[in-house]
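# Descriptive structure summary
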Amino acid sequence: MKITRQLAIILGFCFLGSVISTVLGLKIPGNVVGMILLVIFLCSGILKVESVEEVSNFLLEHLPFFFVPAGVGLIASIGSIRNCWPYLIIIIFISTVVAMVITGITVQILKRS
């Protein structure tokens, strides 16, 4: 019952974020809004980490499984992207470098605080 409750909390935040995103007409996806709300509730102490810890750890341990549909979709659309490989490689490289730099800067800022 504990795991069901934890999953219901996470899914509830996801649903709440979707409702807020739809009602307010935000350009941000609802699941992102829901996760931002979850972080706010966790950081403020309104919701304890123990309330979602087990399900969160399970989802993180099995995270690669959630990328399988995206990989299959990419393979299924190989005909559409066959001529774009050089551009895709460049975009992947640049976005990886940008993500690494921003992550490094963020960690340095947070370590100073």
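How each quantity is defined
- Residues numbered from 1 in each chain as written.
- Predicted model: local features only at pLDDT ≥ 70, side-chain atom pairs only at ≥ 80, totals over all residues.
- Heavy atoms only, no water.
- pLDDT = per-residue confidence, 0-100.
- Helix = DSSP H or I, 4+ residues; strand = E, 2+ residues; numbered from the N terminus.
- Buried < 20%, exposed > 50% of the residue type's maximum accessible area, 1.4 Å probe, protein only.
- Salt bridge = Lys/Arg side-chain N within 4 Å of Asp/Glu carboxyl O.
- Phe/Tyr/Trp six-rings, centres within 6.5 Å; stacked < 30°, edge-to-face > 60°.

### Let's talk about the confidence of the model for the chain
- With 100% of its residues at a pLDDT of 70 or more, the chain shows a mean pLDDT of 92.
- Across the chain, helix H1 (residues 2-24) holds the top mean pLDDT of 95, while helix H5 (residues 78-81) sits lowest at 83.

### Considering the environment of Lys2
- One can find Lys2 in helix H1.
- Here Lys2 falls in the partly exposed class, since its relative accessible area comes to 45%.
- Separated by 52 residues in sequence, Lys2 and Glu54 place their C-alpha atoms 8.9 Å apart.

### As for the pattern of salt bridges
- For the structure shown, the criterion picks out one salt bridge.
- Taking the shortest distance from any N to any O, the salt bridge between Glu54 and Lys2 comes out at 2.9 Å. A residue pair is termed long-range when its members are at least 10 positions apart, and Glu54 in helix H3 (residues 53-61) and Lys2 in helix H1 qualify at 52 residues.
- The exposure class assigned to Glu54 is partly exposed, which follows from its relative accessible area of 39%.

### Examining the packing of aromatic side chains
- For the structure on display, the rule yields two aromatic pairs.
- Aromatic side chains Phe13 and Phe41 sit 5.1 Å apart centroid to centroid with 75° between the ring planes, which places their arrangement in the edge-to-face category. Taken together, the residues span a long stretch of sequence, with Phe13 in helix H1 and Phe41 in helix H2 (residues 30-44) at a distance of 28 residues.
- Their ring planes at 70° and their centres at 5.9 Å tell us that Phe65 and Phe66 sit as a pair that is edge-to-face.
- The class for Phe66 is partly exposed, based on a relative accessible area of 46%.

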